[in-house]
Amino acid sequence: MSAMLLPKDKWPEFTGRLAGKNLFAPALQGGIKKFAPVAAGDTVTLDEGNTTVPPKALLFPQTETLFRFAEGEEGMELPAIDEAAVLLGVRPCDARAMAIVDKLFRWDYEDPYYLKRRELATIIGLACSEPCLNCFCTSVGGGPASTEGLDILMVDLGESYLLEGLTDKGQALLDEFKDLLQEAGADALQRKEQLAQEAAAKIKRSVDTAGIPEALPGLWEDPLWQRVSAACLGCGICTYLCPTCHCFDIQDEVEGAAGRRCRMWDSCMYAEYTKHTSGHNPRPTRRERTRNRINHKYSYYVDKFGVIACVGCGRCSNLCPVNIDLIDILRQVKAAP
Amino acid sequence: MDLNKLRETAAGIVSREDVKYLIGWRRGTFGYRVSPYFIEDAAGVEELIFSPLCISNLATYLTLVERLPVPRGQQPDERKVALLVKGCDSRAVNQLLVEKGINRDRVIVVGLPCPGMVDWKLLAEKYPETEAPVEMRWQGDDFLLVHNGQEIVVPRAEALAEKCRLCRHPNPVISDATVGEPVQPWEPAEDSGVGEIEAKSAPERWAYWEEQFSKCLRCYSCRNVCPLCYCEDCILDRLNPTWVNRAFNFSENTAFHLARAFHLAGRCIECGECERVCPAGIPLGRLNRKLAKTVREEYGFEPGLDAEGEPFQASYRPEDPEEFIL
């Protein structure tokens, strides 16, 4: 694995050539920031902050055709997932989220759709220098220059970008750009460490998550759940825009004699989530649903996969229209008897 | 706004045995955020606030609260719910009463004359959100912002929310108790948002909404926050038949938004919550205000001004106009 420097005057050529590889990068589209395809000749500007829609949407699309069907003997058709992609400018938190979600999709049933997309994607991360107000990655095991889930980590050193190959896939990509890159010296790596520390020091909000997974089962009936969920609208913002939320529903769309089976994002905050055919719902109110959201991330996932399913990106707290603030909930969990 | 008077009134209400809780606002956990706040006892009123950041319409909680089956042998909780309302919010209460969505005997309405609310997103670039919650107050015609320990006068025009620039009813139209003196209604601004759409040709409008609806994430925050979107069994959630597929694409997204807009025609009280909560920045207010405008101008009808009467869509007069129908 190598650490290379990309002088900034080579950036347009670098992204221009990447554009030929099915490139996605953060872009503002009609006022909402998300990963969008980059065409040859497009300018890629990586600014501070993060996308509203996390890059999970590229690996785990909001709606995905599982297969198409039609009446007749050979009426089944599987979608082809065979196009490689490069994701540029993924924040370390969102890349960690991919590594965390991988565990679920690789669990007892290996999900071919997600895993194929994951395998075909090369993730180029961008270390953070200016954390947002609700960033708390360092409270949940991440950091502004964390490498988990990434193939290449990119750090803005001012005059140039440092590009560190982290996986074979990432290294192979770097090797293709040898003509634009120069070997990074020890000073560049030292500078990276320093910048990462400076960025971590700028993180404003934090919560001590130690003990939370152990405490949650004992707080099942605690009044805190009523308190923190009373204002909840039961909408899908916090889950849809969470980089680790991965619940989906499966529906058939049929027109005449043909149709498709597709899966789409689901949200545990919706009233019909886990509603049984009988009409009974084991999570009948927003209290149980909020409790489930927190428990899933901070207890069940830890039990099953040994890691908290939250990367501290702060989107849920940022985007909730009624100020249901994850950091505040976690602090209340810590403070509960 | 005399906060002490408000807290005193609230304490009196929540101390009553026949009151379950009072829904108000409290300071949020960071930045400009304010949170809906459910107060069950008199001690809770200490955190109650009413400031230019209390833009959210709490009337939605009257119908959002789940009504679970009462276990055998238990009595249903028949206690009243008290609610703080601004002018726009109070119209939602009236509309719910007209539609028999809520029972008048079960609601205590505390009216707060509203000098206008702030859209904090208009301020965030100049005065970024801080870890500590910021405070805002009304000062004369303007707003006073306490930001990083500094007191800053923000001119009204710089921060007034769009719905408030267009407001025709700043004083509550229904209340059991009022705190504060009625405010002098201001001249509503020209609705430039609706004007922009009206100036477009039909293909341009289609292109405009195609771009907007394509952004929709189908998180349903607009539906859930809407005080008048309270069907117990929403067609969007129906699976058999599936009226609207959950698939995320322009066609299904449009079906969703048009269904909602038409269901709100003559019912929307223009509180602007749908647009405020949308994480994708879809200008839903323009859609709903256009319908409200048509209803107002063609039928002389404005929903939510009266607790009695017929719902607009349930009334018919032979002389009803139809010129606007394409």
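The numbering scheme is per chain: residues are counted from 1 as the chain's sequence reads. Each chain takes a letter, starting from A, and each ligand takes a number, starting from 1, following the order in which they are written. This being a predicted model, a pLDDT of at least 70 is required before a residue's local features are given, and a value of 80 or more before pairs of side-chain atoms are given or counted; all residues contribute to the totals for chains, interfaces and linings.

1. What about the environment of Phe60 of chain A?
Residues and elements named next belong to chain A.
Then, in step 1: In this structure, Phe60 sits in the loop between helix H2 (56-59) and strand E4 (63-70).
Then, in step 2: A C-alpha to C-alpha distance of 9.7 Å links Phe60 and Arg263, two positions 203 residues apart in sequence.
Then, in step 3: Remark: residues whose backbone-derived C-beta atoms lie within 7 Å of one another are considered to be in contact. Setting aside residues up to four positions removed in sequence, Phe60 forms contacts with Tyr114 and His246. Under the DSSP-based scheme used, a helix requires at least four consecutive residues in state H or I and a strand at least two consecutive residues in state E, with every element numbered from the N terminus.

2. Overview of the sheet that holds E4 of chain A
All names here are of chain A.
Then, in step 1: Two strands pair if DSSP finds at least two bridges between them. On the basis of which strands lie adjacent, the open sheet formed by four strands has the order E5-E4-E12-E11 and antiparallel pairing. Where the open sheet ends on each side, the last strands, each with one partner, are strand E5 (76-77) and strand E11 (248-255).
Then, in step 2: Bridging between E11 and strand E12 (residues 258-265) involves eight bridges; their strand directions are antiparallel. The partner of Phe248 across the bridge, within E12, is Trp265.

3. What about the sheet that holds strand E8 (residues 150-154) of chain B?
Residue and element names in this part refer to chain B.
Then, in step 1: Strand order in this open sheet of three strands is E6-E7-E8, and the pairing throughout is antiparallel. Here the strands that pair on one side only, and so sit at the sheet edges, are strand E6 (135-139) and E8. Neighbour-to-neighbour, the strand axes of the sheet open up by a mean angle of 25 degrees, direction not taken into account.
Then, in step 2: Across five bridges, E6 lies against strand E7 (residues 142-147) in antiparallel orientation. Within E7, the residue paired with Glu135 across the bridge is Val146. Fitting a line to C-alpha atoms yields each axis, with helices limited to the stretch in contact; the angle taken between N-to-C directions then spans 0 to 180 degrees.

4. Focus: the packing of helix H7 (residues 202-215) of chain B against helix H9 (residues 250-264) of chain B
Axis angle and axis distance: for two packed helices, these are the angle between their axes and the distance between the axes, and together they describe the pair.
Residues and elements named next belong to chain B.
Then, in step 1: Running from N to C, H7 and H9 cross one another at 95 degrees; their axes reach a closest spacing of 9 Å. Between H7 and H9, the interaxial angle falls into the category roughly perpendicular. On H9, the residues that touch Glu210, Phe213 and Ser214 of H7 are Phe250, Asn253, Thr254 and His257.
Then, in step 2: When the residues that make up the contact of H7 with H9 are grouped by side-chain class, the tally is two nonpolar, four polar and one charged. The cut-offs work like this: below 35 degrees is roughly parallel, past 145 is roughly antiparallel, 65 to 115 is roughly perpendicular, and the gaps in between are oblique. By the convention adopted, Pro, Cys, Tyr, Trp, Phe, Met, Ile, Leu, Val and Ala count as nonpolar, Lys, Arg, Asp and Glu as charged, and the other residues, Gly among them, as polar.

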